[in-house]
Amino acid sequence: MRCPNCNSNTLVQRTYVITPYLRDIVHRCRNEDCCHIFVTQQEFIRSVVLPITDTDSPVTA
Ligand SMILES: [Zn+2]
């Protein structure tokens, strides 16, 4: 993920599980003149190829 302010590379500082299919990701800009800290989200949208083994329970990790 690039910093939306200065377009530099960022580091993932932390992730928060919101639901089994949604996470908040906290990024920190690596540019020392910027130091922007911001949050993005990662969400499961759909399967492209169905899994070989199917389970009824949601994936947790
Ligand atoms: Zn930045």
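Details of the structure are given in the entry above.
Now for a look at the structure at hand. (Residues numbered from 1 in each chain as written. Predicted model: local features only at pLDDT ≥ 70, side-chain atom pairs only at ≥ 80, totals over all residues.)

Next up on the list: the overall build of the chain. Per the secondary structure count, the chain includes zero helices and three strands. For the chain, the sequential pattern of α-helices and β-strands runs β-β-β. Whereas a compact globule of 61 residues would reach a radius of gyration of roughly 10 Å, the chain reaches 15 Å, over 25% beyond that. Along the longest, intermediate and shortest principal axes, the C-alpha atoms of the chain span 50 × 20 × 15 Å. Looking at the 61 residues of the chain, the share that counts as buried comes to 5%. Contacts in the chain between residues far apart in sequence, at least 24 positions, make up 25% of those at least 6 positions apart. (Helix = DSSP H or I, 4+ residues; strand = E, 2+ residues; numbered from the N terminus. Rg over C-alpha atoms; globule rule 2.2 N^0.38 Å. Buried ≥ 20, exposed ≤ 12 C-beta atoms within 10 Å, placed from the backbone. Contact = placed C-beta atoms within 7 Å.)

For Cys 29, the location among the structural elements is in strand 2 (residues 22–29). Not counting residues up to four positions away in its chain, the partners in contact with Cys 29 are Cys 3, Asn 5, Cys 6, Ser 8, Thr 10, Cys 34, Cys 35 and His 36.

Moving on, we come to the pairing of strand 1 (residues 10–19). Counted residue by residue, strand 1 has one buried out of ten residues, so it is predominantly exposed. Relative to strand 2, strand 1 runs antiparallel, the two being bridged by eight bridges. The partner of Leu 11 across the bridge, within strand 2, is Arg 28. Here strand 1 hands over to strand 2 after two residues, the two strands then running antiparallel side by side. (Pairing = 2+ DSSP bridges.)

Turning our attention to the environment of Arg 28. Checked against the element boundaries, Arg 28 lands in strand 2. Residue Arg 28 is classed as partly exposed on the basis of its 16 C-beta neighbours within 10 Å. Considering only alpha carbons, one finds Arg 28 and Asn 9, 19 residues apart in sequence, at a separation of 8.7 Å. Setting aside its immediate chain neighbours within four residues, Arg 28 contacts Thr 10, Leu 11, Gln 13 and Ile 37.

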